[in-house]
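A structural walkthrough
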Amino acid sequence: MRKRKNIVKYWRFLIFLAIAQIPSVFYLFLQEESLEYSSLPSIEESVFYFDETAMENVLATFAGAYSWTQIKEPGYAPANTFETEPLHATVDRRPLTASRQIKLDKNGTHENGQLLGCALSASTFVSHLENLKFEINKKGFDVKNMRPVSCDVCFQFSNQEDMAAFIPGIKHNPIVKNKILSASTKCVRGKGTLNAKFAGWQKALRVKEGFVGYGYPWIVDCTLPNGVLALTCREISKLNDKISSSDALQKIYLQTKITLDSMFNETETNIEKSFDVFTSWPWAALQSHDDDRSRFASQLPQSWNDTSSMFVPSSAKKLKMAHVIGPVYKLGKFEGKMSLQSMDHNPDSDGGVHFRFLADLFHLIRNAPNSVHITAVVDGQAQRTREVLVDLLNTSIDLIYPKYGEAMFGDPAMLQKREYIPFYTTTKLLSLPEGQKLTLRDVLRLRGIKIHLVPLITPPSLMEQTVCAGQYSFTSFLATRFSADYQVMMYVDGDTALVENHSLTLQEVMYNRFFSENSNKCAGHRLQLIEQYVRPEDETIDRVLQCTKKLMNDPKRWKYVTENCNLREGHISARTDSIDLFSVHHPDTQEEFAPAGVEDCMVQDDVYGTKYHLTADEGIQVHLRRGERKEGCSCFSETT
């Protein structure tokens, strides 16, 4: 098991000291105003939000979701058995999905978005990627609509009379023909599409040794017919919430069917066979924090700069932005093999708090006030991660960042202005009453930053038989679930920091790219990923921050690394009204359903262009690695 960081080692001891230093009521006297800390909301309300709805989804999925395969040729038994597992499922809250439903509804049955048929997105893990046969399109990384896809939302009643009275115009229409289905169940057929995303290196998993049996998440998007009130997401969720007090309705569930082609080896002869994958989720597994899609469907932008829409800000200061990492987790070893670390048997583990979390957060405090930091964590480490984060929030800032904490964030008046803070000068230190310290919670509240912790369903198959523990299914879930809550979303690796050599906030950079008069009018952009190796002797929070400080304030060093250490494709940002398939390195859109003027600017990986890629002058994503990829691309390197 890896050694924890020095700061982590001290958390359990220092938290008692930090709490003892915070009185129930005290005042910080500023020039002409005072801050009454007794009026601060609770941690849960002000700066930290544990997503209980997502946790309920996880529990409902484990309790009631299931999946199975069916070979199309009766009696044929494949040599390789495919394992399948239900993963994330959610109400689809992407503005682009609502726009597509509205634009394809030629008769206007959606009633200005009020009667949009429910839209859903659900992911299923399928093992043995090496045995699947599929085509790669011209972009070289994604697969779409390979085979017809079926999806149903089913309503099971206690009797046939109530079933018949429910939406009388809809016929009983199950997708499973050879299984016994209650005559009191009515299934409503939706329109389904199949999506998957393959980066170039993932193709090698189909032939590379050591990855035999590894699988991939396949995502089904499903939309029900418009024009029927009972088939909107908000009404279905209302029905589901009333089941416990109903004598008629017993359960509601989503069921999907996808067909995949495979190469089976039988008596040394490769035989192509197709098979179906069925997956079912109870409705409680996919309910979101707000299933009323009409709230945003009636406010979709008509053009790229339509400020009358809730998705187009009128200025950078009004931009709603989320910065996302995950899923994060701690690995350990059990019986000689890598495994998800047990929280019960490792009481000192910090769970899914990423080892670069504090370094990343330091820069967000500086350059991204009034934003949300979303961290996704595997469900098997969610509660421990929550505990550790709350401990950190209650810890004084000088203990978390010994060298730079009070020097950078010691002036509450300056923090409260919520403006850009450079990393080359120190703030005016305020003389506080003896024994009183600003905590991380105080700093985040004053800067308007909230941490949103999202637990994700992570069955053993996803952790042990996929690369990056389901990262590719999470990014899709991220956009589908939360797009309607923001205007711009950024996704980056947890061991990276977003830094700059200018005096603009991240919101100003994103606003200029997406919404200003000088906008490129792109749906999404890719960041530059700059490699910086952190040597073992530099593995302290102060040294890691000093590494980024030197990079930001040394023009010669900045020029060198941006020209020589851009070794891998970076991660992404996108305007939320145009997100389709939000993958790790590719922000896909569908131009025909995006606001007028928005373009799909994505280029192939080997083509660099400033229209799609953010430039070094706008900021970079510093990859603070634990392994060296190129000489000279490391912290405190003398190479220039």
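Sequence order as written defines residue numbering, which begins from 1 separately in each chain. Given that this is a predicted model, residues contribute local features only at a pLDDT of at least 70 and side-chain atom pairs are listed and counted only at 80 or more, while totals for whole chains, interfaces and linings are drawn from all residues. In computing side-chain values, all of the structure's heavy atoms are included and hydrogens and water are not.

1. So, empty space enclosed by the protein
Buriedness of a pocket was judged along seven lines, with at least five required to meet protein on both sides within 12 Å; pockets are open sets of points on a 1 Å grid over the protein atoms alone, cavities are sets where a 1.4 Å probe fits but cannot get out, and lining residues have an atom within 4 Å of a point. Grid points are joined across faces, edges and corners, and a volume is the space filled by probe spheres set on the points. Enumeration according to the criterion identifies ten cavities of 30 Å³ or more in this entry. Space inside the largest cavity adds up to approximately 110 Å³. In DSSP terms, a helix is any run of H or I states spanning at least four residues, a strand is any run of E spanning at least two, and both are numbered starting from the N terminus. Taken together, the elements giving at least two residues each to the lining of the largest cavity come down to strand S20 (496-499) and helix H16 (506-514). For the lining of the largest cavity, the element with the most residues is H16, which contributes three residues.

2. Details of the environment of isoleucine 620
If you trace the backbone, isoleucine 620 turns up in strand S23 (residues 620-625). Each residue gets one of three labels from its accessible area relative to the maximum for its type: buried under 20%, exposed over 50%, partly exposed in between, using a 1.4 Å probe on protein chains only. Overall, the relative accessible area of 1% leaves isoleucine 620 in the buried class. A sequence separation of 58 residues divides isoleucine 620 from threonine 562, and the C-alpha atoms of the two residues are 8.3 Å apart. Setting aside its immediate chain neighbours within four residues, isoleucine 620 contacts Ala497, Leu498, Val499, Gln528, Ile530, Leu551, Trp558 and Thr562. Contacts are residue-level and defined by heavy atoms, with any inter-residue pair within 4.5 Å sufficient.

3. Quick look at the pairing of strand S15 (residues 331-334)
Strand pairing is assigned whenever DSSP detects at least two bridges linking the two strands. Bridge count for S15 against strand S16 (residues 337-340) is four bridges, and the pairing is antiparallel. In the sheet register, lysine 333 faces S16, and the bridge partner there is methionine 338. As consecutive antiparallel partners, S15 and S16 are separated by two residues, and within that stretch glutamate 335 has a phi angle of approximately 55 degrees, a positive value.

4. Things to note about the packing of helix H8 (residues 357-367) against helix H13 (residues 440-447)
The relative placement of two packed helices is expressed as an angle between their axes plus a distance between the axes. Axes here refer to lines fitted to C-alpha atoms; in helices the fit is confined to the stretch in contact. Angles between the N-to-C directions go from 0 to 180 degrees. Put simply, H8 and H13 touch, their axes get as near as 10 Å, and they point 35 degrees apart. Once H8 is placed against H13, the crossing between them reads as left-handed. The segment H8 lies against H13, with Leu361, Ile365 and Arg366 engaging Leu440, Val443, Leu444 and Arg447. Residues are grouped as follows: Ala, Val, Leu, Ile, Met, Phe, Trp, Tyr, Cys and Pro are nonpolar; Asp, Glu, Lys and Arg are charged; all remaining types, including Gly, are polar. In terms of residue class, the contact of H8 with H13 is built from five nonpolar, no polar and two charged. Each helix crossing is assigned a hand: it is left-handed if the near helix lies turned anticlockwise from the far helix by less than a right angle, otherwise right-handed if that turn is clockwise.

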